[in-house]
Amino acid sequence: MLLHATKLINTAKRVTIFTGAGISVESGIPPFRGEGGLWSKYDPIILDLDYYLNKTELSWPIIKELFYDFFGNAKPNAAHKILANWEQSGIIREIITQNIDSLHQQAGTKAVHEFHGTADNFICTKCQTIYNTKELVLTSEAPLCLNKNCKALLKPNFIFFGEGIPHRAYEASLYAAHHSDLFIVVGTTGEIMPASQIPIIAKQNGAKIIEINTSPSNYSDRITDVFIQGKATQVFKQLNGLLEKQ
Ligand code: ZN
């Protein structure tokens with residue numbers, strides 16, 4: 001399987017990586033779903049847009065604790081770093097990620113399409129100004145727009161329930177799905193629409209699919225050409241070793 005995958009990577013002209021929560025688990029970030037996932041401990045209503053706008057005082061403290069106090073300390077792992085090196089050496093073209101943790105960028109990857117937005121920015125719910133999280137002082141009260149004439153509520157710039165996919169990331173992901181000849185799916189079970197459709201569109205447009213997951217997913221029987229079972233860091237270290245030998 002590893003050798004077959006290496007051969008596909010070597011012969012492909014345009015390689016896109018598609019990542020989900022599984023790649024960040026080894027950085028200490030728990031997935032939302034499944035056993036031990038965030039939604040087994042917290043009520044998903046905290047990420048409902050109407051709830052955030054109307055019950056901000058209940059929703060914000062939990063969002064802050066989860067996505068800023070806790071996630072904020074996570075560091076890229078070996079899989080993120082190898083992918084950043086692969087981009088630099090031209091092995092891969094770009095990464096589509098469902099994660100909002102910005103660990104791909106922290107590892108050094110430039111072409112990242114954040115399908116669900118990012119926790120790294122906030123957007124004003126009124127004037128749409130975007131602020132880097134580092135510009136803001138996050139307290140137990142939700143942050144407000146720094147524009148003196150606005151002062152409206154800011155919202156983390158990742159998508160809440162009830163929001164659409166960020167336009168540019170969506171367009172770029174569709175373009176990659178139509179123009180790549182190899183998709184490498186990593187750490188995602190393909191359950192979340194519409195993100196889950198991107199590798200399927202790639203397959204329909206002729207891309208080969210390598211899947212790296214700890215257990216088989218919705219993709220495995222349906223679109224996967226090469227399934228590699230294992231943790232992302234282990235598999236990427238092995239693949240990287242094989243590619244370096246050639
Ligand atoms: Zn504003």
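Structural data are supplied above this passage.
Residues numbered from 1 in each chain as written. Predicted model: local features only at pLDDT ≥ 70, side-chain atom pairs only at ≥ 80, totals over all residues. Heavy atoms only, no water.

Examining the coordination of the zinc ion
This is how it is decided: Note that water is not among the atoms used; donors are N, O and S atoms within 2.8 Å of the metal (3.2 Å for Na, K and Ca), so sites may look incomplete. Geometry is assigned from donor-metal-donor angles: four donors are tetrahedral when every angle falls between 85 and 135 degrees, four are square planar and six octahedral when opposite donors sit over 155 degrees apart with all other angles between 65 and 115, and any other arrangement is irregular. For helices the rule is a DSSP run of H or I covering at least 4 residues; for strands it is a run of E covering at least 2, with both sets numbered from the N terminus onward. Exposure classes here rest on a 1.4 Å probe applied to the protein chains alone. A residue is buried below 20% of its type maximum, exposed above 50%, and partly exposed in between.
Around the zinc ion, the protein contributes the donor atoms Cys124 (SG), Cys127 (SG), Cys145 (SG) and Cys150 (SG), at 2.3 to 2.4 Å from the metal centre. One can describe the donor arrangement at the zinc ion as tetrahedral, given that its 4 donor atoms subtend angles of 102 to 117 degrees at the metal. Read from N- to C-terminus, the donor residues coordinating the zinc ion fall into the pattern C-x2-C-x17-C-x4-C. Placement of cysteine 127 in the loop between strand S4 (117-124) and strand S5 (130-132) and of cysteine 145 in the loop between S5 and strand S6 (154-158) is noted, with a sequence separation of 18 residues between them. Residue cysteine 145 is classed as buried on the basis of its relative accessible area of 4%.

As for the sheet that holds S6
What counts, and what does not: The criterion for strand pairing is that DSSP finds at least two bridges linking the strands in question. Where helices are involved, their axes are fitted lines through C-alpha atoms of the stretch in contact, as for all axes, and angles between N-to-C directions lie from 0 to 180°. We call two residues in contact when some of their heavy atoms are within 4.5 Å.
Ordered by their spatial adjacency, 3 strands build an open sheet running S5-S4-S6, and the pairing between neighbours is antiparallel. Every interior strand has two partners, whereas the edge strands, S5 and S6, have only one. Across this sheet, the average inter-strand angle for adjacent strands is 40 degrees, counted without regard to direction. Inspection of the sheet shows S4 paired to S5 by 3 bridges, in the antiparallel sense. Its bridge partner being in S5, asparagine 121 is matched across the sheet by asparagine 132. Contacts from helix H3 (residues 56-70) reach S4 and S6 within the one sheet, and its direction differs from that of S6 by about 40 degrees.

Concerning the packing of helix H1 (residues 2-11) against helix H8 (residues 232-245)
We count it as follows: What makes a crossing left-handed is the near helix being turned counterclockwise from the far one by less than a right angle; a clockwise turn instead makes it right-handed. Amino acids are sorted into nonpolar (Ala, Val, Leu, Ile, Met, Phe, Trp, Tyr, Cys and Pro), charged (Asp, Glu, Lys and Arg) and polar (every other residue, Gly among them).
Between H1 and H8, the least distance of the axes is 10 Å, while the angle of their chain directions is 65 degrees. Regarding H1 and H8, the two cross each other, and that crossing is right-handed. For the pair H1 and H8, contact is made by Leu2, Leu3, Ala5, Thr6, Ile9 and Asn10 and by Val235, Gln238, Leu239, Leu242 and Leu243, respectively. In terms of residue class, the contact of H1 with H8 is made up of 8 nonpolar, 3 polar and no charged.

Side note on the packing of aromatic side chains
So the rule is basically this: Ring pairs are drawn from Phe, Tyr and Trp, using the six-membered ring of Trp, whenever the two centres fall within 6.5 Å, and their geometry is named by plane angle: stacked under 30 degrees, edge-to-face over 60, tilted for the rest.
Tallied over the full model, the rule gives 9 aromatic pairs. Seen in terms of ring centroids, tryptophan 60 and tyrosine 68 are 6.2 Å apart; in terms of plane orientation they differ by 35 degrees. Their pairing is tilted. For the residue pair tryptophan 60 and tyrosine 68, the accessibility class agrees, reading buried in each case. Summarising the aromatic geometry, the rings of phenylalanine 67 and phenylalanine 158 are spaced 5.0 Å apart at their centres and angled 45 degrees between planes, so their arrangement reads as tilted. Highlighted residues: phenylalanine 67 in helix H3 and phenylalanine 158 in strand S6, separated in sequence by 91 residues.

A word on the packing of helix H4 (residues 78-88) against H8
Between two packed helices, the angle of one axis relative to the other and the distance separating the axes together describe the packing. Relative to each other, H4 and H8 sit at 35 degrees, their axes nearing to 8 Å. For H4 against H8, the interelement crossing comes out left-handed. Contact residues: H4 offers Ala78, Ala79, Ile82, Leu83 and Trp86, while H8 offers Ala232, Thr233, Phe236, Lys237, Leu239, Asn240 and Leu243. Split into classes, the residues belonging to the contact of H4 with H8 amount to 9 nonpolar, 2 polar and 1 charged.

Some remarks on the sheet that holds strand S1 (residues 15-19)
Taken in spatial order, the 6 strands line up as S3-S2-S1-S7-S8-S9 in an open sheet, and their pairing is parallel. Each end of this open sheet is capped by a strand with a single partner; those strands are strand S3 (112-114) and strand S9 (226-229). Averaged over neighbouring strand pairs, the angle between their axes works out to 15 degrees when direction is ignored. Looking at chain direction, strand S7 (residues 182-186) and strand S8 (residues 208-213) are connected through 5 bridges and run parallel. Counted as the bridge partner of leucine 182 is lysine 208 from S8. On top of the sheet, helix H6 (residues 167-179) reaches S1, strand S2 (94-97), S3 and S7; it is set at about 125 degrees to S3, its chief contact.

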